[in-house]
Amino acid sequence: MANNTKTNAVRLLERAKIKFDVIPYEVDENDLAATHVAEQLGEDISLVFKTLVLQGERAGYFVCVIPGDKEVDLKKAARAFGVKKAEMIAMKELLPVTGYIRGGCSPVGMKKSFPTFFDISATDHDAIFVSAGVRGLQIKISPTDLIGFVKAGTADLTRSNDPLS
């Protein structure tokens, strides 16, 4: 494995002897969306998960890992974490809080360990993709292995596309 693929997230997973693959992709600084990552990987967007950091009302930071083509439902996320209200943190807070930049935020190896929930749909798949901690690298991993490693829970975290709900 080349040196530039040895991110903190990769080292932690290796140390834990968890099976995973590191997959490089072409970064477009003007398009950091998960849909672009999925296209670059040639994978279905429902397998490419994005890591979002939220702040609960008087409860600190927490992490939601959701499919790349979905939006987090703030009410559902707050409920999962047992708070009344939650909001996304400001982009300028991401690096100081997590140690990661936008487009390279991994649920593995943040500066501190934050409560984490994966969208329940992650467990529908044999493997999912999450950031390896830098733009241009994804980790392909068993969702159950990853959820166990980061001591995460699962919950319905995304907005429904149904306009009636």
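These figures come from a predicted structure and were not determined experimentally. (Residues numbered from 1 in each chain as written. Predicted model: local features only at pLDDT ≥ 70, side-chain atom pairs only at ≥ 80, totals over all residues. Heavy atoms only, no water.)

**Q** Would you explain the nonpolar core in this entry?
**A** Considering soluble globular proteins, one finds that nonpolar side chains tend to be buried as a cluster. By size, the foremost hydrophobic cluster in this structure holds 30 residues, and its most contacted members are Phe118, Ile128, Ile139, Ile141 and Leu146. Looking at this core, the elements that each hand over two or more residues are helix H1 (8-15), strand E1 (20-24), strand E2 (49-56), strand E3 (60-67), helix H4 (91-98), strand E6 (128-131), strand E7 (137-141) and helix H5 (143-149). What Ile139 contacts, discounting residues up to four positions off in sequence, is Ala9, Val10, Leu13, Phe20, Asp21, Ile128, Phe129, Val130, Ser131 and Ala132. Grouped together as the second largest cluster of nonpolar side chains are 14 residues, Leu54, Ile66, Ala78 and Phe81 included. (Core = buried A, V, L, I, M, F, W, Y, C linked by side-chain atoms within 4.5 Å. Buried < 20%, exposed > 50% of the residue type's maximum accessible area, 1.4 Å probe, protein only. Helix = DSSP H or I, 4+ residues; strand = E, 2+ residues; numbered from the N terminus. Contact = heavy atoms within 4.5 Å.)

**Q** What exactly am I supposed to notice about the pattern of salt bridges here?
**A** Summed over all chains, the structure comprises 4 salt bridges. A salt bridge links Glu29 to Arg135; the shortest N-O distance between them is 2.6 Å. Within this pair, whereas Glu29 is found in the loop between E1 and helix H2 (34-41), its partner Arg135 is found in the loop between E6 and E7, the two being separated by 106 residues in sequence. Using a relative accessible area of 26% as the deciding quantity, one classes Arg135 as partly exposed. (Salt bridge = Lys/Arg side-chain N within 4 Å of Asp/Glu carboxyl O.)

**Q** Would you mind showing me how to read the sheet that holds strand E5 (residues 116-119) here?
**A** What links the strands of a sheet is backbone hydrogen bonding, and the strands pair in either a parallel or an antiparallel sense. If you walk across this open sheet you meet the 5 strands as E4-E2-E3-E5-E8, and the pairing is mixed. Edge positions in the open sheet fall to strand E4 (86-88) and strand E8 (153-155), since each of these has one partner strand only. Looking at each pair of strands side by side, their axes are set apart by 35° on average, direction ignored. Across 3 bridges, the pairing between E2 and E4 is antiparallel. Residue pairing for E4: Leu54 is matched across the bridge by Met88. Sitting on the sheet, helix H3 (residues 74-81) is in contact with E2, E3, E4, E5 and E8, with an inclination near 120° to E3. (Pairing = 2+ DSSP bridges. Axes fitted to C-alpha atoms, helices over the stretch in contact; angles between N-to-C directions.)

**Q** What is the right way to read the environment of Arg159 from this model?
**A** Positionally, Arg159 belongs in the segment after E8. By relative accessible area, Arg159 is classed as partly exposed at 42%. Arg159 sits 83 residues away from Lys76 along the chain, and the two C-alpha atoms are 8.4 Å apart. For Arg159, the side chain forms a polar contact with the side chain of Glu71, separated by 2.6 Å. (Polar contact = N/O pair within 3.5 Å; in protein donor to acceptor, adjacent residues only side chain to side chain.)

**Q** Got a minute to help me understand the packing of aromatic side chains in this structure?
**A** Applying the stated rule across the entire model yields 3 aromatic pairs. An aromatic cluster of three or more residues is present, and its members are Phe62, Phe81 and Phe117. (Phe/Tyr/Trp six-rings, centres within 6.5 Å; stacked < 30°, edge-to-face > 60°.)

**Q** It is not clear to me how the sheet that holds E6 should be interpreted in this structure. Could you clarify?
**A** Reading across from one edge, E1-E7-E6 is the order of the 3 strands in this open sheet, with antiparallel pairing throughout. For this open sheet the edge positions go to E1 and E6, each flanked by a neighbour on one side alone. Direction aside, neighbouring strands of the sheet carry axes that sit 30° apart on average. Where E1 lies against E7, 5 bridges are found, and the strand directions are antiparallel. The partner of Val22 across the bridge, within E7, is Ile139.

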